[in-house]
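Structural overview
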Amino acid sequence: VQIGSALVDMYAKCGCIIDARNVFDNLSQRNVITWSTMITGCIQHALYDDAFQLFDSMQEQGIEPNEVTFLSTLKACAIQGNIEQGWRLHARVILSGLGAHTAVGNALIDMYSAWQSHQDTCAVFQRMQKRDVVSWTSMIGMYTQDDALGLEGISYYGKMKEDGIQPNPITYGYVLKLMSSMAALEQGREIHACIIEGGMESTDIICNALIDVYSRCGRLMDAFLTFERVHRKTLSTWSALLMACARHGDYLLALEIFTDMLSSGLKPDDVVFLCLLSACKSVTESCRHFKSMRDDHGIIPRPEHHNSMVDVLGHAGCLDEAEDLLESNHFGGN
RNA sequence: AAGUAACGUCG
């Protein structure tokens, strides 16, 4: 059974979900782990219907889902916004006696938060018996969805510390995001001090968040200094810096950054181009990058890219061209 | 042998 489960897992993680399924179907012995592995594999490949069919079949065959099974199926409901299935799972969690399981509770928080059901999220959180970093961090994360709720998010950060739970870089990533959206500078400094105290000031996730904070405060230099400290620069890192240039109105600098990024070997994605386009001031530059994105990098323009172009055209006073572009934009952007 | 929060654009 163990070998079988491991095989299914291996194929699923290699991206061969078909092979995983073949192995799974041909196994003579399957336990909860085998089923959960297969279900998780399907979910990672966005095969949600298959996942839930398997979830039903396993029970028909007398195998009860355990906490791990619930963790991945709840996540699937969160991602696809499958409300009926999510409620059903929540009920099943309670029936299975897993109502007090911390990780399962966290998955529920995350699901309701992804659905934007504020009430349900809070209800689950309050009923939890043991809350860990993930529970608190997920709550704080929920409050980053809406700028108006920033203060509430910060209050969770305070309560978390009172509760003796140590925030981690992910927590601080969210907290910094809240701070910058509220433009709370003094509080931001306090947080920064805590981050340094915790020895987390050089973790990539925090640096990426800091680049953003600095750029919103107009501190381009600090954004750059932070950028230098990032060990593994990802697309997020680069686009945060591109946005910093864009906010600063420095197209040439953005272009230089973009070129550096290309020579570092990373492949730009649609978001990187959005940032670059938002730094463009002239129609020629903007068109050039737009075409290069589509033709050289094979990225299908989204409505947002067109909108970015429309902005530049508008600023340049080319209203007719802007209108043409808007009309050719069939994706419903404005 | 399976598992929950993870940083960038606009939203």
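Refer to the structure presented above.
Just so you know, these numbers come straight off a predicted model, no measurement behind them.

Comments concerning the protein's contact with RNA strand B
RNA strand B sits among 42 residues. The nearest are Leu71, Tyr174, Asn208, Ser239 and Leu274. Of all RNA strand B atoms lying within 4 Å of any protein atom, the proportion belonging to sugar or phosphate reaches 46%. Thr37 has a polar side-chain atom sitting 3.1 Å from a sugar or linking oxygen of RNA strand B. One nitrogen or oxygen atom from the side chain of Tyr174 is found 3.5 Å from a phosphate oxygen belonging to RNA strand B. Here the surface near RNA strand B is composed, by residue class, of 17 nonpolar, 16 polar and nine charged.

Some details on unusual backbone geometry
The phi angle at Ala46 is positive, at roughly 60°, despite the residue not being glycine. Examined against the element boundaries, Ala46 turns out to sit in the loop between helix H3 (32–44) and helix H4 (48–60). According to the relative accessible area criterion, Ala46 is partly exposed, its value standing at 45%. Located in the positive-phi region is Gln116, a residue other than glycine, with phi close to 65°.

With respect to the packing of helix H9 (residues 133–143) against helix H10 (residues 150–162)
Between H9 and H10, the least distance of the axes is 8 Å, while the angle of their chain directions is 165°. As the angle between them shows, H9 and H10 are arranged roughly antiparallel. Of the two elements, H9 crosses H10, and the hand of that crossing is left-handed. Listed contacts from H10 to Val133, Trp136, Thr137, Met139, Ile140 and Tyr143 of H9 are Gly150, Glu152, Gly153, Tyr156, Tyr157, Lys159 and Met160. Counted by class, the contact of H9 with H10 contains eight nonpolar, three polar and two charged residues.

Considerations on the environment of Pro268
Structurally, Pro268 is set in the loop between helix H16 (251–263) and helix H17 (270–279). The spacing of Pro268 and Ser239 is 29 residues in sequence and 9.2 Å in space, taken between C-alpha atoms.

Reading guide: rules and limits
Residues numbered from 1 in each chain as written. Chains lettered and ligands numbered in written order. Predicted model: local features only at pLDDT ≥ 70, side-chain atom pairs only at ≥ 80, totals over all residues. Heavy atoms only, no water. Near = heavy atom within 4 Å. Polar contact = N/O pair within 3.5 Å; in protein donor to acceptor, adjacent residues only side chain to side chain. Nonpolar A, V, L, I, M, F, W, Y, C, P; charged D, E, K, R; others polar. Helix = DSSP H or I, 4+ residues; strand = E, 2+ residues; numbered from the N terminus. Buried < 20%, exposed > 50% of the residue type's maximum accessible area, 1.4 Å probe, protein only. Axes fitted to C-alpha atoms, helices over the stretch in contact; angles between N-to-C directions. Parallel < 35°, antiparallel > 145°, perpendicular 65-115°, else oblique. Left-handed = near helix turned anticlockwise from the far one by under 90°. Contact = heavy atoms within 4.5 Å.

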